[in-house]
Amino acid sequence: MYEQENCKFAKTHEWAFNENGVAVVGISDHAQHEISDIVFVELPKKGAQVKAGQQCCVIESVKSASDIFSPVSGEIVEVNEALSSDAALVNREPHAGGWIFKVKMSDAKELDNLLTFEDYKKTL
Amino acid sequence: MEKELKKTALYEACVKAGAKMIDFHGWLLPVQYEGIIAEHKAVRENAGMFDVSHMGQVFFEGPDAYKFLQSVATNNFKLEEGRGAYAHVLNDKGGIIDDIIAFCLTPEKFLVVVNSATRQKDYNWFKQKAEGRNVKVIDASDDFSMLALQGPKALDYLEELDKNIKELKRFHIKEVDLFGQSAYITRTGYTGEDGVEIMGSHAQINKLFEWCLAHGFKACGLGARDVLRLEAGYLLSGSDMDERRNPYEASCGWVVKLNKEEDFTAKKIMAEVKANGVKQKLTGFVLTAPGIAREGCAIFKDGKQIGSLTSATFSPLFKAIGCGYVPADLQEGESVEIEIRGRKVAAKAVKMPFYKNKV
């Protein structure tokens, strides 16, 4: 759905997929694999304003909590409620049903500051 | 500068089996292989194995071995040969230095299994207390590797190696021939399931590791072990209890045998603690709203902090569980709040263990 090749990546392992000025945000396949066994996602609040690089959400595995940073600035317009009952969706479908939140971007040019999938892979 | 981490003799075998390693009190140990949830399930429903070679083996040997053990440990070791018991080792003020399981091999020889993080401290303490007594305290930890083989099917699989293994009773030990060498098997564990722990030479336990992988056991890491032990209400020495706490506060009053004949470290203090009751007590909590609590999270009652969690985790069986010291009058079922990243999440006090199997 949000194919890796069509996403931009933050060094902190979040991806953003541009859907007409709204960035769909999730975590990379590499990140879900590293975190493993995701059991809870503390979703951000709908309507909240976030800045690029700002911590806005927490993913919990059995053993640890990982901060998730918004890769772009704007307003959180939607959160993935499906994760409330099935957080492991992030493990199973990191680039599809496991998306986490959507940001109405205040400056879509910020996407240019993120890495392409090719460049992201080189950082791993 | 990075400190040198110790590796167990099973390190290479664990890595080969897919282990992800972490630093556990100076030891490089598997935190997980396939995943904590899959490993937890294997132990609850089938069989799992853990490299616990970091744990310590100390022998008390000599004419005074029994009396000495009685004097440094809280439980009563008036046991028949081949039997063991769980106990606390206290400092002179009654604080918990460590928890141990000691086995009677002969009236003049006991095997004491101690925790890795406290191994040196335990040994020094034993040595100090043994001065002038007719007992040798021997730290043999470096000679042993140790595997914990746990789960409802563990003994079924192991029957192929030792057809009499099911005759070994809970908390008993026996010496067996394993791959041509002698090894100790104890029917004990830290998971809440039936199973055994096997201590032997490094080569032997490496062989056993390979054998178990090929005979139904799933390799499991410390991550799953921590969830399993907390569900089963087993305390973690150094986290859930330490020298600032006594056994009664740790809800382990049953390991203090005030009525045994022998005097033991802090016996008098323990009698007073028992008579006067404790102000704080280790209590279990289950979250009743979404969230995962972690060690260190503050516990609130009516807006006031009453304690903090000493252990906490996600549990596949109970969602989010933890335990911590709170006022002893907090009743089972009472509502509290646990603060997670500044957010107060509803929880309730429960009796430990969270999980009880018929082991």
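Residues numbered from 1 in each chain as written. Chains lettered and ligands numbered in written order. Predicted model: local features only at pLDDT ≥ 70, side-chain atom pairs only at ≥ 80, totals over all residues. Heavy atoms only, no water.

Enquirer: Would you mind showing me how to read the pattern of salt bridges here?
Expert: When the charged atoms of two side chains with opposite charge come close together, those side chains can pair. Applying the stated criterion to the full structure yields 29 salt bridges over all chains. For Glu60 of chain A, the salt bridge identified is with Arg341 of chain B, shortest N-O distance 2.9 Å. In this pair, Glu60 of chain A is assigned in strand S6 (residues 55-61) and Arg341 of chain B in the loop between strand S19 (335-340) and strand S20 (343-350), connecting two distinct chains. Between Asp142 of chain B and Arg119 of chain B there is a salt bridge whose closest N-O contact spans 3.0 Å. A residue pair is termed long-range when its members are at least 10 positions apart, and Asp142 of chain B in the loop between strand S9 (136-139) and strand S10 (145-150) and Arg119 of chain B in helix H4 (residues 119-130) qualify at 23 residues. You can call Asp142 of chain B exposed: its relative accessible area is 56%. Looking at Arg119 of chain B, the relative accessible area reads 13%, which means it is buried. Linked by salt bridges that have partners in common, Glu42 and Glu60 of chain A together with Arg294, Arg341 and Arg343 of chain B make up one network. (Salt bridge = Lys/Arg side-chain N within 4 Å of Asp/Glu carboxyl O. Helix = DSSP H or I, 4+ residues; strand = E, 2+ residues; numbered from the N terminus. Buried < 20%, exposed > 50% of the residue type's maximum accessible area, 1.4 Å probe, protein only.)

Enquirer: Whenever I open this one, H4 of chain B confuses me. Can you help?
Expert: Spacing of three or four residues puts side chains on the same side of an α-helix, whose turn is 3.6 residues. All names here are of chain B. Over its 12 residues, H4 extends 16 Å from the first C-alpha to the last, a length consistent with the 16 Å expected when each residue adds 1.5 Å. Listing the buried residues of H4 in full gives Arg119, Asp122, Tyr123, Trp125, Phe126 and Ala130. Looking down the long axis of H4, one finds its buried residues gathered within 165° of arc, a one-sided arrangement. Where H4 terminates, the next one or two residues include Gly132, which has phi positive at roughly 80°. (Expected span 1.5 Å × (residues − 1). Arc of directions from axis to C-beta.)

Enquirer: I tried to follow the packing of aromatic side chains on my own but got confused; where do I start?
Expert: We describe a pair of aromatic rings using the distance from one ring centre to the other and the angle between the two ring planes. Residue and element names in this part refer to chain B. If you walk through the whole model with that rule in mind, you get 14 aromatic pairs over all chains. Aromatic side chains Phe144 and Tyr184 sit 6.2 Å apart centroid to centroid with 35° between the ring planes, which places their arrangement in the tilted category. Of the two residues, Phe144 is situated in the loop between S9 and S10 and Tyr184 in strand S12 (residues 181-186); the sequence distance between them amounts to 40 residues. When its relative accessible area of 13% is taken as the criterion, Phe144 is described as buried. With a relative accessible area of 8%, Tyr184 lands in the buried category. Across the ring face of Phe59, the terminal group of Lys109 is positioned such that the distance to the ring centre comes to 5.0 Å. (Phe/Tyr/Trp six-rings, centres within 6.5 Å; stacked < 30°, edge-to-face > 60°. Lys NZ or Arg CZ within 6 Å of the ring centre and 35° of its normal.)

Enquirer: What's the story with the pairing of strand S4 (residues 38-42) of chain A in this structure? I'm lost.
Expert: Walk down a regular strand and you will see the side chains alternate between the two sheet faces. Residue and element names in this part refer to chain A. Across the five residues that make up S4, a large majority, five, are buried. In the sheet, S4 pairs with S6 via four bridges, with the strands oriented antiparallel. When the sheet's bridge partners are listed, Phe40 is paired in S6 with Glu60. (Pairing = 2+ DSSP bridges.)

Enquirer: Can you walk me through the domain arrangement of chain B in this structure?
Expert: How big an interface is tends to be expressed through the accessible area that disappears when the partners come together. Residue and element names in this part refer to chain B. The domain boundaries assigned to chain B delineate domain 1 (6-53 + 144-231), domain 2 (56-142) and domain 3 (279-359). Taking the mean C-alpha position of each, domain 1 and domain 2 sit 23 Å from one another. Tallying the contact residues gives 13 residues for domain 1 and 21 residues for domain 2. Buried area between domain 1 and domain 2, summed over both chains or domains, comes out near 1400 Å², and the portion from carbon and sulfur atoms is 65%. Looking only at domain 1, the three residues that lose the most surface to domain 2 are Phe144, Phe171 and Ile173, adding up to 44% of its buried area. (Domains from an automatic or database assignment. Contact = heavy atoms within 4.5 Å. Buried area = accessible area lost by both parts, 1.4 Å probe.)

Enquirer: What should I look at first to understand unusual backbone geometry in this one?
Expert: In most cases, non-glycine residues show a negative phi, while peptide bonds are predominantly trans. All names here are of chain B. Of note, the amide linkage connecting Met352 to Pro353 takes the cis form, showing an omega dihedral of 0°. Note on placement: Pro353 falls in the segment after S20. The backbone of Arg341 sits at a positive phi, close to 50°, despite the residue not being glycine.

Enquirer: What am I meant to see in the environment of Glu14 of chain A here?
Expert: Residues and elements named next belong to chain A. Examined against the element boundaries, Glu14 turns out to sit in strand S2 (residues 14-19). Its relative accessible area of 0% is what places Glu14 among the buried residues. Here Glu14 is in contact with Lys8, Phe9, Val25, Gly26, Ile27, Asp67, Ile68, Phe69 and Pro71, once residues within four sequence places are set aside. A polar atom in the side chain of Glu14 sits 2.8 Å from the backbone nitrogen of Phe69. (Polar contact = N/O pair within 3.5 Å; in protein donor to acceptor, adjacent residues only side chain to side chain.)

Enquirer: Sorry if this is basic, but what is going on with helix H6 (residues 202-213) of chain B here?
Expert: Residues and elements named next belong to chain B. For H6, which comprises 12 residues, the first-to-last C-alpha distance of 17 Å matches the rise-based estimate of 16 Å (1.5 Å per residue) to within 8%. Those residues of H6 lying buried are Gln204, Ile205, Leu208, Phe209, Trp211 and Cys212. For H6, the arc enclosing every buried residue in end-on projection is 165°, short of the 170-degree limit, so these residues lie on one face.

Enquirer: Would you mind showing me how to read the sheet that holds strand S2 (residues 20-24) of chain B here?
Expert: Paired through their backbone hydrogen bonds, the strands of a sheet run either parallel or antiparallel. All names here are of chain B. The three strands are arranged S1-S3-S2 in an open sheet whose pairing can be described as mixed. Looking along the sheet, the strands with just one partner apiece sit at the ends: strand S1 (6-7) and S2. Across two bridges, the pairing between S1 and strand S3 (residues 27-32) is parallel. Residue pairing across strands places Lys6 opposite Trp27, the latter belonging to S3.

Enquirer: Mind showing me how you'd approach the interface of chain B and chain A here?
Expert: Listed per partner, the contact involves 16 residues of chain B and 13 residues of chain A. Between the two partners, chain B and chain A, sit five salt bridges. When the shortest N-O distance is used, the salt bridge between Asp226 of chain B and Lys63 of chain A registers 3.0 Å. The interface formed by chain B and chain A holds 14 residue pairs in polar contact (both at pLDDT 80 or more) in total. Every element with two or more residues in the side of chain B that touches chain A is listed here: helix H2 (36-45), helix H7 (222-231) and strand S17 (304-315) of chain B. Ranked by residues supplied to the side of chain B that touches chain A, first place goes to H7 of chain B with three residues. Here the residues of the side of chain B that touches chain A sort into six nonpolar, five polar and five charged. (Nonpolar A, V, L, I, M, F, W, Y, C, P; charged D, E, K, R; others polar.)

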